[in-house]
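Observations on the model geometry
Read off the chains here:
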Amino acid sequence: MRKKVIAGNWKMNKLPNETITFFEELAPLVKNTKNEVIICAPYTDLFYAILSAQNTNIKIGAQNMHWEENGAYTGEISPQMLKSIGVEYVIIGHSERRQYFAETDETVNKKVKAAHNVGLKPIVCVGETLSQRESGKAKEIVTNQIKSGLKDLTKNEIMSTIVAYEPIWAIGTGKTATKEDANETIKWIREELEKIYGKENADKVIIQYGGSVKSENAKELFEMSDIDGGLVGGASLKPDEFAKIVNAI
Ligand code: 13P
């Protein structure tokens, strides 16, 4: 039985003082959940988030990183830097990074391996655009993202990788994939993983849904057989709303 993992992706939002207040409010609201709770904060908030999350059940993630250990990469942050301050998760290949910052399946794969090398758990985002969906290419696109982005991992690495299926047309638009559609897509993502890593391992991979998850739709989505939780953008910015999502199931 896979557990549910609910992760908030703050994107480029919140200052340190807002981070501290957020955790003060969120921690008591989610302390009894059996689900895994993660907040992925901007780099400048991470250390505040880690201190604020001490003695709580909330884990901390980053939203990106470089794949190299160190070197002349002005403006970049390495996996070791994240690990050294207590970060446990890192979002890799979010569609906004693919769209605006030239992230490719190749760089996603390098980053996923680099994350595992230092013991960070990657949350790898895949998903199709509206035009790809309308032209019947969604399956091909997502399959390629899985095959290339998650290639050559060990069994232990794939089992500690989280996949987030985020159809791009559903991100920040208020449009959610129907629970049946999201479940169906996640099922065939798992089938693709099964072809590469075998059923026993694929069955253990957490696959989340992301795209306009909110307290009104969280329960019905998370109750589906193959949806193992959510990656939540806008609705993760308010502690009470995010807590409702965490506690929806
Ligand atoms: P929204 O929940 O704001 O649609 O964002 C989804 C997302 O991109 C999470 O990574």
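The present account deals with the structure reproduced in this document. Model, not experiment: these values are computed from the prediction. (Residues numbered from 1 in each chain as written. Predicted model: local features only at pLDDT ≥ 70, side-chain atom pairs only at ≥ 80, totals over all residues. Heavy atoms only, no water.)

A short note on helix H5 (residues 105–118)
Put simply, the rule reads: Numbering goes from the N terminus for both helices and strands, where a helix is a DSSP run of H or I of at least four residues and a strand is a run of E of at least two. Residue count minus one, scaled by 1.5 Å, sets the expected span of a helix. With a 1.4 Å probe rolled over the protein chains alone, any residue whose accessible area is under 20% of its type maximum counts as buried; one over 50% counts as exposed, and the rest are partly exposed. Throughout, a contact is declared for two residues whenever any of their heavy atoms are within 4.5 Å.
In this model H5 runs 20 Å from its N-terminal to its C-terminal C-alpha over 14 residues, within 8% of the 20 Å that 1.5 Å per residue would give. What H5 keeps buried is the set Thr107, Val108, Asn109, Lys111, Val112, Ala114, Ala115, His116 and Val118. Structurally, H5 contributes buried residues whose contacts are with helix H3 (79–84), strand E4 (89–92), helix H4 (95–100), strand E5 (121–126), helix H7 (138–149) and helix H8 (155–159). Residue Gly119 follows H5 closely and has a positive phi angle near 85°.

Re the site of the ligand
Our working rule: Distances are taken per atom, and a residue is near a molecule or strand as soon as one of its heavy atoms is within 4 Å of it. Here a polar contact is taken to be a pair of N or O atoms separated by no more than 3.5 Å, where protein atoms must pair a possible hydrogen donor with a possible acceptor and residues adjacent in sequence count only if both atoms sit in side chains. In this description, accessible areas are obtained by the Shrake-Rupley approach with a 1.4 Å probe, and a residue is regarded as covered only by the protein chains that are shown.
Taken together, Asn9, Lys11, His94, Glu166, Ala170, Ile171, Gly172, Gly211, Ser212, Leu231, Gly233 and Gly234 form the complete shell of residues around the ligand. Note that an oxygen atom of the ligand is positioned 2.8 Å from one of the side-chain N or O atoms of Lys11. Within the side chain of His94, an N or O atom sits 2.8 Å from an oxygen atom of the ligand. Within the complex, 94% of the 310 Å² of free accessible area of the ligand lies under protein.

Looking at the pattern of salt bridges
We count it as follows: Just to be clear on terms, a salt bridge is a Lys or Arg side-chain nitrogen sitting within 4 Å of an Asp or Glu carboxyl oxygen.
For the structure on display, the rule yields 15 salt bridges. Among the ionic pairs, Asp226 bridges to Arg190, the shortest N-O distance being 3.1 Å. Remark: Arg190 occurs in helix H9 (residues 179–197) and Asp226 occurs in the loop between helix H11 (218–222) and strand E8 (229–232); sequence separation between them is 36 residues. Residue Asp226 shares its accessibility class with Arg190, and that shared class is buried. Glu192 serves as the salt-bridge partner of Lys195, at 2.9 Å between the closest nitrogen and oxygen. With Lys195 and Glu192 both in helix H9 and 3 residues apart, this pair spans about one turn of that helix. Overall, Lys195 belongs to the exposed group, its relative accessible area being 64%.

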